[in-house]
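Descriptive analysis of the structure
Residue-level listing of the chains:
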Amino acid sequence: MKTFSATPADIDKKWIIIDAEGVVLGRLASIVAMRLRGKHKPSFTPHMDMGDNVIVINADKVQMTGKKREEHFYWHTGHPGGIKSRTKQQILEGAHPERVVYQAVKRMLPGNRLSRQQMTNLRIYAGAQHPHEAQAPEVLDVKSMNKKNTRS
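In what follows, the accompanying structure is described. None of these values were measured; they are calculated from a predicted model.

**A few points about unusual backbone geometry**
The backbone of N58 sits at a positive phi, close to 60°, despite the residue not being glycine. With respect to the element layout, N58 can be found in the loop between β2 (53-57) and β3 (72-76). Residue N58 is classed as buried on the basis of its relative accessible area, which comes to 5%. Positive phi values are uncommon outside glycine, yet A136 reaches one of about 50°.

Structure, rendered in structure tokens:
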């Protein structure tokens, strides 16, 4: 039997919607990264973009365990002495709380061109509203997958 290798004609992309309210950040990011890569499909091919389009809503209501809300995100401006940081709590309370989920998913994917292409299939919204009703996304209930996925 020959090993199956998907071609662009074999790829079937679905639309998935995930409600992040009350879900633990790392567990959510792990499931989203798996869906973006397409590893949940039996026809997974590592060099093809065969993952689903994922919509994450209520990203501002994501949960974290322990003292992870006080952990810092660091970045550098490119200028001497230009290192900056913000805590996850500050980002979640700021203007763009979806960036916490975006960075968590991005860091669970390999750092290559294909992963950057797959990240374009991810849409994250802070509230419950999204403009993708026309795609008829399927609901993926992350909370019911495992009791550890939620935090009260």
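**A short note on the nonpolar core**
With 29 residues, the main nonpolar core has I18, L28, V32, L36, V56, V105 and L122 as its most contacted residues. In terms of residue count, the dominant contributor to this core is helix α1 (residues 25-37) (7 residues).

**What about the pattern of salt bridges?**
For the structure on display, the rule yields 4 salt bridges. Measuring nitrogen to oxygen at the nearest pair gives 3.3 Å for the salt bridge that ties K41 to D52. Highlighted residues: K41 in the loop between α1 and β2 and D52 in the loop between α1 and β2, separated in sequence by 11 residues. Accessibility expressed as a relative area gives 16% for K41, which makes it buried. K88 is the salt-bridge partner of E71, the closest N and O atoms lying 3.2 Å from each other. With E71 in the loop between β2 and β3 and K88 in helix α2 (residues 88-93), this residue pair connects regions lying 17 residues apart in the sequence. Since its relative accessible area comes to 39%, E71 is described here as partly exposed.

**Quick word on the packing of α1 against helix α3 (residues 98-106)**
Interaxial distance between α1 and α3 falls to 8 Å at its minimum, and their mutual angle equals 60°. One way to sum up the angle between α1 and α3 is to call them oblique. Crossing handedness for the pair α1 and α3: right-handed. Mapping the contact onto sequence places L25, L28, A29, V32, A33 and L36 in α1 and V100, V101, A104 and V105 in α3. Taken together, the residues that form the contact of α1 with α3 break down as 10 nonpolar, no polar and no charged.

Analysis parameters
- Residues numbered from 1 in each chain as written.
- Predicted model: local features only at pLDDT ≥ 70, side-chain atom pairs only at ≥ 80, totals over all residues.
- Heavy atoms only, no water.
- Helix = DSSP H or I, 4+ residues; strand = E, 2+ residues; numbered from the N terminus.
- Buried < 20%, exposed > 50% of the residue type's maximum accessible area, 1.4 Å probe, protein only.
- Core = buried A, V, L, I, M, F, W, Y, C linked by side-chain atoms within 4.5 Å.
- Salt bridge = Lys/Arg side-chain N within 4 Å of Asp/Glu carboxyl O.
- Axes fitted to C-alpha atoms, helices over the stretch in contact; angles between N-to-C directions.
- Parallel < 35°, antiparallel > 145°, perpendicular 65-115°, else oblique.
- Left-handed = near helix turned anticlockwise from the far one by under 90°.
- Contact = heavy atoms within 4.5 Å.
- Nonpolar A, V, L, I, M, F, W, Y, C, P; charged D, E, K, R; others polar.

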